[in-house]
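Residue-level structural notes
Spelled out from the first residue to the last, the chains are:
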Amino acid sequence: MGTLVISSGAIATPVTNPTFTPISSHLSNTSFQIAAYTYDTAAVEQSVFTQINKYRASKGLAALTRNSAIDNQARIHSQNMANGTVGFGHTGFAERVKAIGIPYVAAGENVAYNQGFPDPATKAVDGWLKSSGHLRNIVGNYNKTGIGVAVSNTGKVYLTQIFLR
């Protein structure tokens, strides 16, 4: 039996410093072998992106565009949760959005972690779609997204998706 935990959050705040330059991170996409599963984090991220846009299309909504600066901040957050630097949730969300360095009028974030599933992306997306707060972000009036995945040393797969408009 596996474990799934999800959380969502959103803010609508204008950028106060649109010339902010984000700091590069040294996180990379890597494959992890945990128990019986190998997780290719880049493939998990792409799967989340594809599934979210497929769901949006089924509702007649425009596809989200994936953005590398947003991906970077999502990856940092997932890695920080995976290594215990921050707890599971949205701590630092406003700072993450600011660090992206893209002007925006609204932002949202979905996070999840699961363990013991062969397809952590589908497990997270299914959980988000069954939760009104997460679904509100998924179908929200956003046009850009970024996804970050990290695996803890105990095998928990942490997923962060940030939405911007």
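Once a new chain begins, its residue numbering starts again from 1 and follows that chain's sequence as written. Reporting of local features is limited, given that this is a predicted model, to residues whose pLDDT is at least 70; pairs of side-chain atoms are given and counted only at 80 or more, and all residues count toward the totals for whole chains, interfaces and linings. Excluded from the side-chain calculation are hydrogens and water; included are all heavy atoms of the structure.

**So, the pattern of salt bridges**
Definition in use: Salt bridge, as used here, is a side-chain nitrogen of Lys or Arg placed within 4 Å of a carboxyl oxygen of Asp or Glu. To qualify as a helix, a DSSP run of H or I must reach at least 4 residues; to qualify as a strand, a run of E must reach at least 2; elements of each kind are numbered from the N terminus. Here's how the labels work: a residue is buried when its accessible area is under 20% of the maximum for its type, exposed when over 50%, partly exposed in between, all with a 1.4 Å probe on protein chains only.
Enumeration over the complete set of coordinates arrives at five salt bridges. Here Asp71 and Arg66 are joined by a salt bridge, their closest N and O atoms 3.0 Å apart. Here Asp71 and Arg75 are joined by a salt bridge, their closest N and O atoms 3.9 Å apart. You can see Asp71 and its partner Arg75 sitting in helix α2 (residues 68–82), four residues apart, about one turn around the helix. We classify Asp71 as buried; its relative accessible area is 7%.

**A closer look at the pairing of strand β7 (residues 157–164)**
Stated formally: Two strands qualify as a pair provided DSSP detects at least 2 bridges between them.
With eight of eight residues buried, β7 lies mostly within the body of the structure. The side-chain alternation of β7 yields two buried faces, one formed by Val157, Leu159, Gln161 and Phe163 and the other by Tyr158, Thr160, Ile162 and Leu164. Pairing of strand β5 (residues 107–115) with β7 involves eight bridges; the strand directions are antiparallel. Opposite Asn114, over in β7, you have Val157 as the bridge partner. For strand β6 (residues 144–151) and β7, the ladder comprises eight bridges, and the chain directions are antiparallel. For Ile147, the partnering residue across the bridge sits in β7 and is Gln161. Linkage of β6 to β7, two consecutive antiparallel strands, is achieved through a turn of five residues, within which Gly155 is found at a positive phi near 95 degrees.

**Focus: the environment of Asn83**
Note the following rule: The definition of a polar contact used here is a pair of N or O atoms within 3.5 Å, where within protein one atom must be able to donate a hydrogen and the other to accept one, and adjacent residues in sequence count solely through side-chain atom pairs.
Within the secondary structure, Asn83 is located in the loop between α2 and α3 (93–100). On a C-alpha basis, the gap between Asn83 and Ala150 in space is 9.0 Å, while along the polypeptide they are 67 residues apart. A distance of 2.5 Å separates the side chain of Asn83 from the side chain of Thr85, its partner in a polar contact.

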